Amino acid sequence: MAKKITIEPVTRVEGHGKVTIHLDDNNQVTQSRLHIVEFRGFERFVQGRPYWEAPVLVQRLCGICPVSHHLAAAKALDVIVGAGTGDGLTPTGEKMRRLMHYGQMFQSHVLHFFHLAAPDLLFGIDGDPAMRNVIGIALTNKELAVQAVMMRKFGQEIIKATAGKKIHGTGAIPGGINKHLTEAERDSFLNGADPMNIDKMIDWSLGALDFFKGYHKNNKDLIDKFAAYPSNHVSLVRKDGAMDFYHGVLRGIDSESNKILDDIDYQNYLDYIDEEVKSWSYMKFPYLRSIGKKNGWYRVGPLARMNTAEFIPTPLAQKEFEIFRAYTNGKPNNMTMHQHWARLIEILHSAEMMKDLLNDPDLLKGELTVKGTKGNEGVGLLEAPRGTLFHHYRINEKDQITMANLIVSTTNNNIPMNKAVNLAAKQFMNGQTDITEGMMNAVEVAIRAYDPCLSCATHALGKMPLEIKLIDKNENVLDRMLKNG
Amino acid sequence: MNKIKIRINDIVCRGEKGQTVLEIAKDNGIYIPTLCNYEGIKPQGSCRICTCMIGGRMMTACTTPALDGMDIVTNSDELEKFRATIVELLFAEGNHFCPTCERSGNCELQALGYRYKMMVPQFPYSFAAKDIDADNPKIMIDHNRCILCKRCIRRKKEKDNPNWFVFKKRGAKVQINIDHELTADFTDKLAQQAMDTCPVGAIIRKEKGFDVPIGERKYDKNPIGSDIEGLKE
Ligand code: SF4
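Throughout, a residue's number is its position along its own chain's written sequence, starting from 1. Both sets of labels track the order of writing: A upward for chains, 1 upward for ligands. A pLDDT threshold of at least 70 governs which residues receive local features in this predicted model, and a stricter bar of 80 or more applies before side-chain atom pairs are shown or counted, although totals over entire chains, interfaces and linings include all residues. With hydrogens and water stripped out, all remaining heavy atoms of the structure feed into the side-chain values.

Q: Before we go on, may I ask you to explain the overall build of chain B in this structure?
A: Looking only at helices and strands, chain B has 7 helices and 10 strands in total. Only C-alpha atoms enter the radius of gyration; for comparison, a globular chain is expected to reach 2.2 Å times N to the power 0.38, where N is the number of residues. Whereas a compact globule of 233 residues would reach a radius of gyration of roughly 17 Å, chain B reaches 19 Å, a difference of no more than 12%. Here the C-alpha coordinates of chain B stretch approximately 50 × 45 × 40 Å along the principal axes. Burial classification: accessible surface area is computed with a 1.4 Å probe over protein chains only, and a residue below 20% of its type maximum counts as buried, one above 50% as exposed, and the rest as partly exposed. Residue burial in chain B is summarised as follows: out of 233 residues, 50% are buried. For chain B, restricting intrachain contacts to residue pairs at least 6 apart in sequence, the fraction spanning at least 24 positions comes to 59%. Accessible areas in this description were obtained via Shrake-Rupley with a 1.4 Å probe; residue shielding takes into account the shown protein chains only. For chain B, the exposed surface amounts to about 12,300 Å²; the carbon and sulfur share of it is 52%. Considering chain B, the positive charge centre built from 36 side chains and the negative charge centre built from 32 side chains are found 4 Å apart. Helix and strand definitions here come from DSSP, where helices need a minimum of 4 consecutive H or I residues and strands a minimum of 2 consecutive E residues; each element is numbered from the N-terminal end. When checking whether two residues touch, look at their non-hydrogen atoms; a contact exists if any pair is within 4.5 Å. In this tally, Lys and Arg are treated as positive and Asp and Glu as negative; His is ignored, and so are the chain termini. Charged side chains are reduced to one point each, which is NZ for Lys, CZ for Arg, CG for Asp and CD for Glu.

Here's what the structure looks like:
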């Protein structure tokens, strides 16, 4: 008898979504979908507001990585106020923003790896759900739990020092930044009492990588094969091909490393990228126009960035990058669970970048903002923790926003996540008559690898109980399981 | 003899004939909250937030001339509750979204909300549909945030500084209207003056916002009234 399984909402992700899986008479998976069931509407209600409010207003669509939205909006408005398309800011303006962004990347990745993903690795995909969470980690591996909390705190203190607040600050303004770093702040980040200093953060980042690499050695099948599939990859890279989270050109490669987006100026992103709408999800489906709807989808995020970048411009992360790339003989890495590995390298890179920036005197003094000839349209892109983030605004002659288009990282990863769900469902559920909690979690592990932020992707907050339903052909509910998230 | 003595909260306060209760209180380090009142503008007593017990009756401190021997209470529980209610009503009436407002940290209404520990208003929000007048090249009027205190209309007029604002419509529909002809060649300085007169974020300068970092805004370190109460950090 055909069945439909619903996992709702998905747990240990940011936001609210559900998964449906259809099984045929032989219990083979015929279709699976990740549905995003939130509706936000930021693009609509920002209309009419004065443009300089956008970085402060739009960041409210997320409490996890508001800095990304804050900065992407500010970058789009830099274009509007004539401060250039990404490299026209004063040294202080750009470097303070970069410090904010790398602090954000560091804390968001740490949150994801230690709090959301690590429980699956430490306790197993089908481990006891009562332990398979951050509390379980705190009970069994206190040192790791302390590191997680302190690393996240460090990143958030960086954000506070640059944006004024840990969450939803006001630092970036059109054309620059509104503050300097104080000497006292800089000194405490560089030489603060153990463990709150940047050298400890770098040490711990290396330790987390070692932890993962050790795990990988003993769990090759899971890490290399689970929900792996070839795909296109897209991210910003610096003009010289270096990994850069704050600014660059848009590069896309296919699963064989052929360039499918040739380092384009993202002001013209609409010439290259389009979005498809489907009736069953509030999240759109972006694709590359040159390849078309069917095959033009692409992955963004840590894995994609490792594939598109030619090198990482900090020494310790570069070493790890080389090991990562050597694992696939320099070919693009298409293994979903390697997202975690990539994320950890990015944590290390962010820590090294923060150290470099903190040692830069431009943060302490210098002009904060710059302005030029005003325009009426601007696009701001950056690499958010979860991948490429697009902000696009148009204003009228009265300085009011008339159009806003946001393509958030999780939206870019919409099809890849659906693919991963499908593979995990097939791998764990095909031919099974009883659906266990472990099988349900396997599907979630596939989604979690992408660290999706479903709130952002629909531009909400939701409770996260998990519901699974067995439904027959005639949509009768045969069985229902519920657990709290 | 111009000197007078009044009692405020059982403290003997000295002042001069012609001063209002509010002025003498301020000179003697006693803070009475105000919203529609503004230094240098004739008081009108419309927002009622400075209401005190004056000679046993509720009266606005900003408009009541002090008389020798007056007995005044400014801070009873009843008065504080009354003031908190006014603040809540103002929040419920407009569309005040502090998190994204340029005046956050520098807004008298928000500062009073904090002073009265307003968490959730007891009144339902009106969610009235209000718009923005953005026609002027230098300033915007966001009607969502206007508390109709009339400070912008009543402010002292000078030669280069005539009546830029007037009320239009009547009753519940009353709205601040900007004279676009008179303000067509507004300078940045005049625009800043107009913005400074407004206690909230209803009049804001164009193309300039959020340039004072969090932590350095007017009320970040020194809550409203602390300058008068001598509680500065
Ligand atoms: S615009 Fe400002 S000053 Fe004028 S009435 Fe409204 S709140 Fe008062």
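Q: What am I meant to see in the site of the ligand here?
A: Taken together, 13 residues lie near the ligand, and Cys-146, Cys-149, Lys-150, Cys-152 and Cys-198 of chain B sit nearest. Put simply, Ala, Val, Leu, Ile, Met, Phe, Trp, Tyr, Cys and Pro go in the nonpolar bin, Asp, Glu, Lys and Arg in the charged bin, and everything else, Gly too, in the polar bin. When grouped by side-chain class, the residues that make up the shell around the ligand number 11 nonpolar, no polar and 2 charged. Here a residue is near a molecule or strand as soon as one of its heavy atoms is found within 4 Å of it.

Q: I tried to follow the sheet that holds strand S13 (residues 387-395) of chain A on my own but got confused; where do I start?
A: The strands making up a sheet associate through backbone hydrogen bonding, with each pair oriented either parallel or antiparallel. Residue and element names in this part refer to chain A. The strand order S12-S13-S14 describes an open sheet built from 3 strands, whose pairing is antiparallel. On the outer flanks of this sheet lie strand S12 (377-384) and strand S14 (401-407), each paired with one strand and no other. Averaged over all neighbouring strand pairs, the angle between strand axes comes to 15°, with direction disregarded. Relative to S14, S13 runs antiparallel, the two sharing 6 bridges. Along S14, the bridge assignment pairs Ile-395 with Ile-401. With axes taken as lines fitted to C-alpha atoms, and helix axes fitted only over the stretch in contact, angles between N-to-C directions fall between 0 and 180 degrees. Set on the sheet, helix H3 (residues 66-80) makes contact with S12 and S13; between it and S12 the angle comes to about 150°. Strands qualify as paired when DSSP identifies two bridges or more between them.

Q: So what exactly am I meant to see when it comes to the pairing of strand S4 (residues 57-60) of chain B here?
A: Regular strands place their side chains on alternate faces of the sheet. Residue and element names in this part refer to chain B. One ladder, built from 4 bridges, connects strand S3 (residues 51-54) with S4; its direction is antiparallel. By the bridge assignment, Cys-52 is partnered in S4 with Met-59. Counting the residues in the hairpin turn of S3 and S4 gives 2 residues, including Gly-55, whose phi is positive at 60°.

Q: How should the packing of aromatic side chains be read in this particular structure?
A: To describe a pair of aromatic rings, you give the distance between the ring centres and the angle between the ring planes. Here the aromatic set is Phe, Tyr and Trp, taking the six-membered ring for Trp, and pairing holds for ring centres within 6.5 Å; pairs whose planes are under 30 degrees apart are stacked, those over 60 apart are edge-to-face, and all others are tilted. Under the criterion given, the structure shown has 16 aromatic pairs over all chains. Arranged with centres 5.1 Å apart and planes meeting at 85°, the rings of Tyr-51 of chain A and Trp-52 of chain A form a pair that is edge-to-face. For Tyr-51 of chain A, a relative accessible area of 1% translates into the label buried. Taking relative accessible area as the criterion, Trp-52 of chain A reaches 2% and is therefore assigned buried. Aromatic pair Tyr-269 of chain A and Phe-390 of chain A: ring centres 5.4 Å apart, planes at 55°, arrangement tilted. Of this pair, Tyr-269 of chain A sits in the loop between strand S8 (259-264) and strand S9 (273-276) while Phe-390 of chain A sits in strand S13, and the two are 121 residues apart along the sequence. Each of the two residues, Tyr-269 of chain A as well as Phe-390 of chain A, counts as buried. An aromatic cluster is built from Phe-212, Phe-324, Tyr-327 and Trp-341 of chain A, whose rings are joined through pairwise contacts. For a Lys NZ or an Arg CZ to count as sitting over a ring, it must be within 6 Å of the ring centre and within 35 degrees of the ring normal. Over the aromatic face of Tyr-229 of chain A sits the side chain of Arg-299 of chain A, whose NZ or CZ is 4.1 Å from the ring centroid. Sitting over the face of the ring of Trp-164 of chain B, Arg-155 of chain B holds its NZ or CZ atom 4.0 Å from the ring centroid.

Q: Honestly, the layout of surface pockets in this entry has me stumped. Any pointers?
A: Approximately 470 Å³ is the volume attributed to the second largest pocket. Cavities and pockets were defined on a 1 Å grid built from protein atoms only: a cavity is a group of points that admits a 1.4 Å probe but offers it no way out, a pocket is an open group of points flanked by protein on both sides within 12 Å along at least five of seven lines, and a lining residue is one with an atom within 4 Å of any such point. Forming the walls of the second largest pocket are 20 residues, and the residues nearest its centre are Phe-45, Arg-49 and Leu-57 of chain A together with Asn-95 and Phe-97 of chain B. Of the residues contributing to the lining of the second largest pocket, the split by class is 7 nonpolar, 6 polar and 7 charged. Grid points are joined across faces, edges and corners, and a volume is the space filled by probe spheres set on the points.

Q: I would appreciate a short explanation of the pattern of salt bridges in the present structure.
A: Where charged atoms of side chains with opposite charge meet at close range, the side chains can pair. All names here are of chain A. Each salt bridge in this description consists of a side-chain nitrogen of Lys or Arg and a carboxyl oxygen of Asp or Glu lying within 4 Å of one another. Summed over the entire model, instances satisfying the criterion amount to 41 salt bridges over all chains. Glu-94 serves as the salt-bridge partner of Arg-98, at 2.8 Å between the closest nitrogen and oxygen. Here Arg-98 pairs with Glu-94, and both are found in helix H4 (residues 91-123), just 4 residues apart, close to one helical turn. Looking at Arg-98, the relative accessible area reads 12%, which means it is buried. Among the residues examined, Glu-94 registers a relative accessible area of 18% and is labelled buried. In this structure, Asp-194 engages Lys-200 in a salt bridge whose closest nitrogen and oxygen atoms are separated by 3.9 Å. Connected via shared salt-bridge partners are Arg-251, Lys-259, Asp-262, Asp-263 and Glu-310.

Q: It is not clear to me how the side chain of Glu-320 of chain A should be interpreted in this structure. Could you clarify?
A: Note that Glu-320 of chain A resides in helix H11 (residues 315-327). If we ignore the near neighbours within four places in the chain, the residues touching Glu-320 of chain A are Leu-206, Leu-209, Lys-213, Ile-345 and Leu-348 of chain A.

Q: Would you mind going over the environment of Glu-352 of chain A with me for this structure?
A: Residue and element names in this part refer to chain A. When you line up the elements, Glu-352 lands in helix H12 (residues 338-358). Here Glu-352 falls in the buried class, since its relative accessible area comes to 6%. Beyond its immediate chain neighbours, meaning those up to four positions away, Glu-352 contacts Ile-202, Thr-314, Pro-315, Leu-316 and Ala-317.

Q: Sorry, what's going on with helix H7 (residues 183-191) of chain A here?
A: Every α-helix winds through 3.6 residues per turn, so residues three or four apart in the chain are directed the same way. All names here are of chain A. Inspection of H7 places Arg-186, Phe-189 and Leu-190 among the buried residues, and these make up the whole buried set. Projected down its long axis, H7 carries its buried residues within an arc of 95°, all on one side. Facing away from the buried side of H7 by over 90 degrees, the exposed positions are Ala-184 and Asn-191. Here the buried face of H7 lies against helix H6 (142-163), helix H8 (198-218) and H12. What the arc measures is the spread of directions leading from the helix axis to the C-beta atoms.

Q: Can you walk me through the pairing of strand S6 (residues 232-237) of chain A in this structure?
A: Residues and elements named next belong to chain A. With 6 of 6 residues buried, S6 lies mostly within the body of the structure. Side-chain alternation along S6 places Asn-232, Val-234 and Leu-236 on one buried face and His-233, Ser-235 and Val-237 on a second face that is also buried. Bridging between S6 and strand S11 (residues 298-299) involves 2 bridges; their strand directions are parallel. Along S11, the bridge assignment pairs His-233 with Arg-299. The sheet contact formed by S6 and strand S7 (residues 249-253) spans 5 bridges and is antiparallel.

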